[in-house]
Structure formats: structure tokens, C-alpha cells
Amino acid sequence: MKKGYFITFEGAEGSGKSTQIRNAVAFLKKQGYSVLMLREPGGTRISEAIRSILLNKELTEMADVTELLLYLAARAQIVREKILPALKKGKVVICDRFEDSTWAYQGFGRKIPIPAIEQASRLVRGNLKPDLTFVLDVDTTQGLKRGGRHDRIEREALSFHRRVRQGFLTLAKKNPNRMVVLDTGKPLEWVTQKVRERLERVFGK
Ligand code: TMP
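Rules of the game
- Residues numbered from 1 in each chain as written.
- Predicted model: local features only at pLDDT ≥ 70, side-chain atom pairs only at ≥ 80, totals over all residues.
- Heavy atoms only, no water.
- Core = buried A, V, L, I, M, F, W, Y, C linked by side-chain atoms within 4.5 Å.
- Buried < 20%, exposed > 50% of the residue type's maximum accessible area, 1.4 Å probe, protein only.
- Contact = heavy atoms within 4.5 Å.
- Near = heavy atom within 4 Å.
- Polar contact = N/O pair within 3.5 Å; in protein donor to acceptor, adjacent residues only side chain to side chain.
- Areas by Shrake-Rupley, 256 points an atom, 1.4 Å probe, with all protein chains shown as cover.
- Helix = DSSP H or I, 4+ residues; strand = E, 2+ residues; numbered from the N terminus.
- Nonpolar A, V, L, I, M, F, W, Y, C, P; charged D, E, K, R; others polar.
- Salt bridge = Lys/Arg side-chain N within 4 Å of Asp/Glu carboxyl O.
- Axes fitted to C-alpha atoms, helices over the stretch in contact; angles between N-to-C directions.
- Parallel < 35°, antiparallel > 145°, perpendicular 65-115°, else oblique.

Peer 1: Go over the nonpolar core with me, naming the residues and quoting the values.
Peer 2: Taken as a class, soluble globular proteins show a tendency for nonpolar side chains to be buried jointly. Counting residues in hydrophobic clusters, the biggest one holds 25 residues, and the most contacted among them are Leu54, Tyr105, Ile153, Val164 and Phe168. The contact partners of Leu54, leaving out residues within four places of it in the chain, are Pro41, Met62, Glu67, Leu70, Tyr71 and Arg152.

Peer 1: With reference to specific residues and values, describe the site of the ligand.
Peer 2: Glu13, Tyr71, Arg97, Thr102 and Gln106 are the nearest of the 14 residues found near the ligand. Between Glu13 and the ligand, the recorded distance is 2.7 Å, taken from a side-chain N or O atom to an oxygen atom. Arg97 is positioned such that a nitrogen or oxygen atom in its side chain is 2.7 Å from an oxygen atom of the ligand. Burial of the ligand by the protein amounts to 93% of the accessible area it has alone, namely 470 Å². Broken down by element, the shell around the ligand gets its largest block of residues, four residues, from helix H4 (residues 99–109). Within the shell around the ligand, the residues separate by chemical class into five nonpolar, three polar and six charged.

Peer 1: Tell me about the pattern of salt bridges, and please be specific about residues and values.
Peer 2: Here the structure, examined in full by the defined rule, presents 13 salt bridges. Arg75 is the partner of Glu40 in a salt bridge, and the nearest nitrogen-oxygen pair spans 2.6 Å. Placement of the pair is Glu40 in the loop between strand E2 (35–39) and helix H2 (45–55) and Arg75 in helix H3 (residues 64–88), with a sequence separation of 35 residues. Note on Arg75: relative accessible area 3%, which makes it buried. Connected via shared salt-bridge partners are Asp64, Glu67, Arg110, Arg152 and Glu156.

Peer 1: I'd like to hear about unusual backbone geometry, residue by residue, with values.
Peer 2: Cis geometry is found at the peptide bond from Glu40 to Pro41, where omega equals -10°. Residue position: Pro41 is located in the loop between E2 and H2. For Arg97, which is not glycine, the phi dihedral falls at a positive 80°. Looking at where Arg97 falls in the secondary structure, it is placed in the loop between strand E3 (92–96) and H4. Backbone geometry places Lys111, a non-glycine residue, at a positive phi of 65°. As for its placement among the helices and strands, Lys111 is situated in the loop between H4 and helix H5 (114–125).

Peer 1: Could you give me a rundown of the packing of H3 against H4, with the residues and numbers involved?
Peer 2: Direction vectors running N to C along H3 and H4 enclose 175°, while the axes themselves pass 11 Å from each other. Looking at the two axes, H3 sits roughly antiparallel to H4. Residues Glu67, Leu68, Tyr71, Leu72 and Arg75 of H3 form the contact with H4, whose own contacting residues are Glu99, Thr102 and Gln106. Here the residues of the contact of H3 with H4 sort into three nonpolar, two polar and three charged.

As C-alpha cells, then:
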């Protein structure tokens, strides 16, 4: 039985997730919660090994379906090895990216049919879904400038990254209760404050 709380942060390249995640973890720890911070793909030995294949900029021949299955394989491991056990212990799990990234990047970005992703995803995560997701929305050109274009995904065409951004916004429209979109074109303090307000609503004493 799940009794913890699962929060994810999503967004295109250069959206400033790391800063917001650090703030959120600090806030929740201060409130006395036991917090586990993870990232996807990654967070376990196996998932980190898969990550290094996925982001290797030399592997330009990777087929879209191979990419999808590797992201899902990395997730299958972290769900079983880290996320579910932590939630079972009542922890708050904060993950830098999760399944919404697969919809946005492999679904909207690579145009892999959604029903195919849906079926494989269900095998990977079972009934697990984030309780709350922050989507940090960023202008594509700005984000790529900020994030750099170092790894295999970051080096994709501008049009790919634009589809990813639209993907996140479309997902957020479909899941308004779970997903909170924040415009990172606004000052950093504003974004931080909005994250804080939402966390206070759930965790404030
Ligand atoms: P990041 O940790 O720097 O955000 O790098 C992860 C990269 O992998 C980023 O470009 C987004 C991409 N990604 C996918 O394409 N699909 C996924 O399911 C996940 C989790 C990440």
C-alpha cells in the first residue's frame, strides 16, 4: 500500500528544474518530512548505466523505439528499486522527470503513437502516478541557450524541442488537478514562490 507522496518536476531543456527541486527538498525537510530526491533517467546503478547510453552524443544512430524502450527500462528499475519502497515507508519522493517526459519527448517529440507508449508504460509503472507535477515552461530558444546542447537529446532540431514544449502544455491541460504549469519567463523568485505556495497547501502545518 502506498502511503507516501510522489512529486515530479518536468520541463524542456534549460527550464531551471534543478534550482526548484533543491528549494522544494529544503522546504519539505524543514517541515520535518523525510524526502528522497531522484532523477530520471537514473537514480539506480542500472538506470544510470542506461542513462549514459541514452545521452551519449556519439550514438546518433539510435532508433526511436530503442530510445523509448531504454527510457522505460531505466524507469522500470527505479520504480521497483527506489520509488515504491520509499513511498511504502511514507517518504516524500521528488523526482526530476518521470513519465510525462516520455509522453512529451518520445510521444510529441519523436511522434511514437501514444497507445504504444501507454501499453508499455503500464507495464513499467503499474498503478504508480505522481500526486503532483510541476511543469516549468520555458521558451524553447531561451531554454536551449540556458541548458546548452551537449547530449544526444539536447542536440535535436529546434522543431523537436518545440514539439516537446507543446507536449508538456497539452499534458498539463489534460491533467489540471495534478499538473501545475509555471512560466519561467517570470522572475525566479516568482516561480519559487508559486512552488512554495502549492507545497504549503499540501504539506503546510
Ligand atoms: P536531464 O536529466 O538533463 O533532464 O536529461 C534527461 C534527458 O532525457 C532530457 O533531454 C529529457 C530526456 N528524456 C526523454 O526523452 N524521455 C524520458 O522519458 C525522460 C525521463 C527524459
